[in-house]
Amino acid sequence: MAKFTSQQLQQWGLSPQSLPRHVAIVMDGNGRWAQEKGRPRTFGHRAGTERLREIIRFSSDAGIGALTLYAFSTENWRRPEEEKSVLFSLLVEYFSKEIDELHENNVRITIFGEKDPFPQKVCQALVRAEERTRDNTGLRLNIALNYGSRAEICRAVRLCCEESAKTGAYPGDEAFEQHLYSAGQPELDLLIRTGGEQRLSNFLLYQAAYAELYFTPVFWPDFTREEYILALQAFQKRARRFGGL
Ligand code: IPE
Ligand code: IPE
Ligand code: MG
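Residues numbered from 1 in each chain as written. Chains lettered and ligands numbered in written order. Predicted model: local features only at pLDDT ≥ 70, side-chain atom pairs only at ≥ 80, totals over all residues. Heavy atoms only, no water.

A. Layout of the overall build of the protein. A tally of regular secondary structure across the protein gives eight helices and six strands. Each helix (α) and strand (β) of the protein, taken in turn from the N terminus, gives the series α-β-α-α-β-α-β-α-β-α-α-β-β-α. Structurally, the protein occupies a C-alpha span of about 60 × 50 × 35 Å along its principal axes. Each of the 245 residues in the protein was classed as buried or not, and the buried ones make up 48%. Sequence-distant contacts in the protein: of pairs separated by 6 or more residues, those separated by 24 or more amount to 77%. Across the protein, 32 positive and 32 negative side-chain charges occur, with their mean positions spaced 2 Å apart. (Helix = DSSP H or I, 4+ residues; strand = E, 2+ residues; numbered from the N terminus. Buried < 20%, exposed > 50% of the residue type's maximum accessible area, 1.4 Å probe, protein only. Contact = heavy atoms within 4.5 Å. Lys, Arg positive; Asp, Glu negative; His and termini not counted. Charge placed at Lys NZ, Arg CZ, Asp CG, Glu CD.)

So, in structure tokens, the structure goes:
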């Protein structure tokens, strides 16, 4: 439920009627942010985690339906062991610190990606967060972890095949979408990538079909609420045609 009034949104230059229903963010640039400061990459990951609260809170208060955050890709397993282990500890720390407030704010957490390959402590924290917030009706907060769009699509195809072997019926588009992690969630309207790269890096390839893309050179740890508002303003200026005129 939106907490901000229409007047508040208008003061930030946002029209309350045309906010994106679903925003996704590739939270990139933590390592370079730290390196610019002469600090280790993991210092950037910690600073990045501290950004989350403000962006999640704003999305929830603005009444955005869903927010999907790319936190660890299927390709990020290629990172050095030491960096991964810091990332995993930060995840556990994040959930233990933030879960109460997220739950109080009626946020429902869903993990996009297979949890099993993560260390047990991480898996437990993720499962607990999902279970605890399962019945919440506010912002859908999706955290993409060990997520890759190709793996998600292959998984959906496999599940469709299994079903069709059982029923003998040919599954349609809807059946396919029901097997994506985003099943039942609002259409992706806006995809933001921080950190200057202009690529999707295997994120939401199917869901982004008609999403507006917003790339900013700002590194994730510097992506403040003001930067987020700039992205939302840019989104509201786009002419969306969906193939029509
Ligand atoms: C994004 O920041 C976080 C993860 C991929 C886990 P990076 O770690 O990719 O930071 P850069 O892109 O190297 O600066
Ligand atoms: C994408 O960032 C993944 C996340 C932000 C979690 P990367 O830093 O892994 O992407 P590439 O390697 O630059 O494409
Ligand atoms: Mg990166």
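B. Molecular detail of the side chain of Thr133. Looking at where Thr133 falls in the secondary structure, it is placed in helix H5 (residues 120-133). Once residues within four sequence positions are removed from consideration, Thr133 is found in contact with Ile99, His103, Val107, Arg108 and Ile109.

C. Fine view of the packing of aromatic side chains. For the coordinates displayed, the defined rule picks out 22 aromatic pairs. Between the aromatic rings of Phe88 and Phe118, the centroid separation amounts to 5.3 Å while the plane-to-plane angle is 85°, which identifies the pairing as edge-to-face. A residue pair is termed long-range when its members are at least 10 positions apart, and Phe88 in helix H4 (residues 81-104) and Phe118 in the loop between strand E3 (108-112) and H5 qualify at 30 residues. The residues Phe88 and Phe118 share a single accessibility class, namely buried. (Phe/Tyr/Trp six-rings, centres within 6.5 Å; stacked < 30°, edge-to-face > 60°.)

D. Looking closely at the site of ligand 1. Near ligand 1 lie 13 residues; those nearest to it are Asp28, Gly31, Arg32, Arg41 and Arg79. One nitrogen or oxygen atom from the main chain of Gly31 is found 2.9 Å from an oxygen atom belonging to ligand 1. Within the side chain of Arg41, an N or O atom sits 2.8 Å from an oxygen atom of ligand 1. Protein contact buries 87% of the 380 Å² of open area that ligand 1 shows by itself. Among the elements that make up the shell around ligand 1, the one with the highest residue count is helix H2 (residues 30-36) (three residues). Residue composition of the shell around ligand 1, grouped by class: three nonpolar, five polar and five charged. (Near = heavy atom within 4 Å. Polar contact = N/O pair within 3.5 Å; in protein donor to acceptor, adjacent residues only side chain to side chain. Areas by Shrake-Rupley, 256 points an atom, 1.4 Å probe, with all protein chains shown as cover. Nonpolar A, V, L, I, M, F, W, Y, C, P; charged D, E, K, R; others polar.)

E. Region of the structure containing the sheet that holds strand E4 (residues 140-147). Ordered by their spatial adjacency, six strands build an open sheet running E3-E4-E2-E1-E5-E6, and the pairing between neighbours is parallel. Two strands in the sheet have a free side with no partner beyond their single neighbour: E3 and strand E6 (212-215). Across the sheet, the mean angle from the axis of one strand to that of its neighbour is 20°, orientation sign disregarded. Here E3 pairs with E4 via five bridges, running parallel. Looking across to E4, one finds that Ile111 is bridged to Ile143. Each of E3 and E4 is contacted by H5, which is oriented at about 140° to E3, the strand it contacts most. (Pairing = 2+ DSSP bridges. Axes fitted to C-alpha atoms, helices over the stretch in contact; angles between N-to-C directions.)

F. Here's a closer look at the environment of Ala47. Looking at the secondary structure, you find Ala47 in helix H3 (residues 41-62). We classify Ala47 as buried; its relative accessible area is 14%. Between the alpha carbons of Ala47 and Trp33 there is a distance of 9.2 Å; along the sequence they are 14 residues apart. In this view, Ala47 contacts Trp33 and Pro221; residues no more than four positions away in its chain are not counted.

G. Molecular detail of the site of ligand 2. Taken together, Val26, Met27, Asp28, Tyr70, Ala71, Phe72, Asn76, Arg79, Arg193, Arg199 and Ser201 are the residues near ligand 2. Within the side chain of Arg193, a nitrogen or oxygen atom sits 3.3 Å from an oxygen atom of ligand 2. A distance of 2.6 Å separates an oxygen atom of ligand 2 from a polar side-chain atom of Ser201. The fraction of the free accessible surface of ligand 2 (390 Å²) that becomes covered by protein chains is 78%. Top element by residues in the shell around ligand 2 is strand E2 (residues 66-73). It accounts for three residues. The class makeup of the residues in the shell around ligand 2 is five nonpolar, two polar and four charged.

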